[in-house]
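# Architecture at a glance
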Amino acid sequence: MIVDLVLGNAKAYMEGKIVECSIAVEDGSVFKIGRETNMPRGDVKTDLKGLLVLPGLVDAHVHLRDEGKAYKEDFFTGTAAAAAGGFTTILDMPNNSPTTMSVESLRNRIAAAENSILVNVGFYSAFPDGIGRLQGIVEEGVVGFKLFMAEQVGGLNIHDDDALLEAFETVGKLGSLTAVHAEDELALRRAEEQFKCSGRNDVNAFLKAHSEDVEVKAVNRLLGIDREAGMRLHFCHVSTKNGLDAIVEAKKAGLPVTCEVAPHHLFLSSEDLRRVGTLAVTMPPLRDKVHVEALWDGIRNGSVDIVASDHAPHAFSEKKAENVWDVKVGVPGLETALPLLLTEVKRGRLSIGDVVRLMSERPSEIFRLRGKGVLKSGYDADFTVVDLDRKHRVIAADFRSKAKYSPFDGRVLAGKAVRTVVGGQLVMEDSEILAKPGSGEIVRRA
Ligand SMILES: [Zn+2]
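Computed from a prediction, not measured in an experiment: that's the story for all the values here. (Residues numbered from 1 in each chain as written. Predicted model: local features only at pLDDT ≥ 70, side-chain atom pairs only at ≥ 80, totals over all residues. Heavy atoms only, no water.)

## Re the packing of helix 13 (residues 337–347) against helix 14 (residues 352–366)
Where helix 13 meets helix 14, the axes come as close as 9 Å, and the angle between the chain directions of the two elements is 150°. In terms of their interaxial angle, helix 13 and helix 14 are classed as roughly antiparallel. Once helix 13 is placed against helix 14, the crossing between them reads as right-handed. For the pair helix 13 and helix 14, contact is made by Ala337, Leu338, Leu341, Leu342 and Val345 and by Ile352, Val355 and Met359, respectively. (Axes fitted to C-alpha atoms, helices over the stretch in contact; angles between N-to-C directions. Helix = DSSP H or I, 4+ residues; strand = E, 2+ residues; numbered from the N terminus. Parallel < 35°, antiparallel > 145°, perpendicular 65-115°, else oblique. Left-handed = near helix turned anticlockwise from the far one by under 90°. Contact = heavy atoms within 4.5 Å.)

Shown next as structure tokens:
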């Protein structure tokens, strides 16, 4: 038999250890992983020269934009950034223009994406107008629902606990999950108005308005509701010590709760926000070091389930508003997330196993992405090939993303993805995009 592709002379992360092997790929799936001498012949044979192959990385929190926000990012540039950063599957957030919150808007979005994407893309939906519409959206294959507690997005009234309970129960019954941005809108608005009235429009005021309590309040409220509903609840970008502690307690009590941390909350602090200025404004904001340390503890002891980039590109001018309250929140993260983590591997603060768990295994499990998260025969041939010794400087001007700025600009990092293989196709090699638009697949939850 002759297979489509053989990746020879590889090191692969399998079942908790790194093994020397060859990987044979047939028809988009892993056909066999084993010794060089036992491999079938391949139409294409690539010598990986001892590079490390990881199961394709999954970014569960990406704002791909496009449609009415294509000036910030589009399906091609966003997935090119993903491929350059070593991600083979990304999950797209629904706060688009139009908002993804119905069968129709979801279908339109998938149709717009299909022929443009370079890596696999799954879609979240916001809550629709009316609980009765949840089922149709689930049947379209969304990876989950996204609930934004800091501002009304979609059709579910965030101030109505009964409505939230009913929605959570229904999502649970439908076998789906809800990912939440936990910042309490009322507490946030109140603080914001106070600062605005006293003429404060600087990053320090923004930091104070988005206080630890604003996050913790939303976390506790959602946990309280989910204690009754029992739906799988995923907390996006947890940024505070007390927020994480509350989630850990809920996990211990047996609630089906998971959580994610974003690289900017691990590798930057409020000091960086003051130094960099509005460019580094995110929601939740960069925090004081005590929180950063608590998140690292959570990473190391396993209470943080996943790392996701929260790639949130904006036009440069939108990041540079005079008044902090006008600044668009978020930073691009697809092209820095993996190198930041690999640098910690180099330093001995993380293991390769941690990186695989946080960026491939656990996101695949949580979002039930069939065929992903593990290097194994029969699984999808999605691979992230990394060079742990590739020292490089972050140059935001060279990003594939339309957002060519970063709070990490200029930082020297160790290790990066040098090849990204999606469904057996080489999509990226040494920062060059080699595949055609449309080579990625739409990921649908069965
Ligand atoms: Zn986000």
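Having seen the model, we can carry on.
## As for the packing of aromatic side chains
Applying the stated criterion across every chain, the model contains five aromatic pairs. Here Tyr124 and Phe367 contribute two aromatic rings whose centre-to-centre distance is 5.9 Å and whose plane-to-plane angle is 80°, an arrangement assigned as edge-to-face. Of the two residues, Tyr124 sits in strand 8 (residues 120–126) while Phe367 sits in the loop between helix 14 and strand 14 (383–393), which places them 243 residues apart along the sequence. Accessibility expressed as a relative area gives 1% for Phe367, which makes it buried. Sitting above the plane of the Trp296 ring, Arg349 keeps its charged end 4.3 Å from the centroid. (Phe/Tyr/Trp six-rings, centres within 6.5 Å; stacked < 30°, edge-to-face > 60°. Buried < 20%, exposed > 50% of the residue type's maximum accessible area, 1.4 Å probe, protein only. Lys NZ or Arg CZ within 6 Å of the ring centre and 35° of its normal.)

## Quick look at the coordination of the zinc ion
The protein atoms that coordinate the zinc ion are His61 (NE2), His63 (NE2) and Asp310 (OD), at distances spanning 2.1 to 2.3 Å. One chain supplies every donor for the zinc ion, spaced along it as H-x1-H-x246-D. Within this pair, whereas His61 is found in strand 6 (residues 57–62), its partner Asp310 is found in the loop between strand 13 (306–307) and helix 12 (316–319), the two being separated by 249 residues in sequence. (Donors = N, O, S within 2.8 Å, 3.2 Å for Na, K, Ca; no water.)

## Concerning the side chain of Ser239
Along the chain, the position of Ser239 falls in the loop between strand 11 (232–235) and helix 8 (241–252). A residue is classified by how much of its surface remains accessible, and Ser239, at 1% relative accessible area, is buried. A distance of 2.6 Å separates the side chain of Ser239 from the side chain of Glu215, its partner in a polar contact. The residues contacting Ser239, other than those within four sequence positions of it, are Glu215, His265, Pro284, Pro285, Arg287, His291 and Leu295. (Polar contact = N/O pair within 3.5 Å; in protein donor to acceptor, adjacent residues only side chain to side chain.)

## A closer look at helix 2 (residues 103–114)
Across its 12 residues, helix 2 extends 16 Å between first and last C-alpha, which sits within 8% of the 16 Å expected from 1.5 Å per residue. Buried residues of helix 2: Ser105, Leu106, Arg109, Ile110 and Ala113, and no others. Across the axial projection of helix 2, the buried residues extend over an arc of 135°, all falling on one side. Residues of helix 2 that are buried in the fold lie against helix 1 (75–84), strand 7 (87–92), strand 8, helix 3 (134–139) and strand 18 (442–443). (Expected span 1.5 Å × (residues − 1). Arc of directions from axis to C-beta.)

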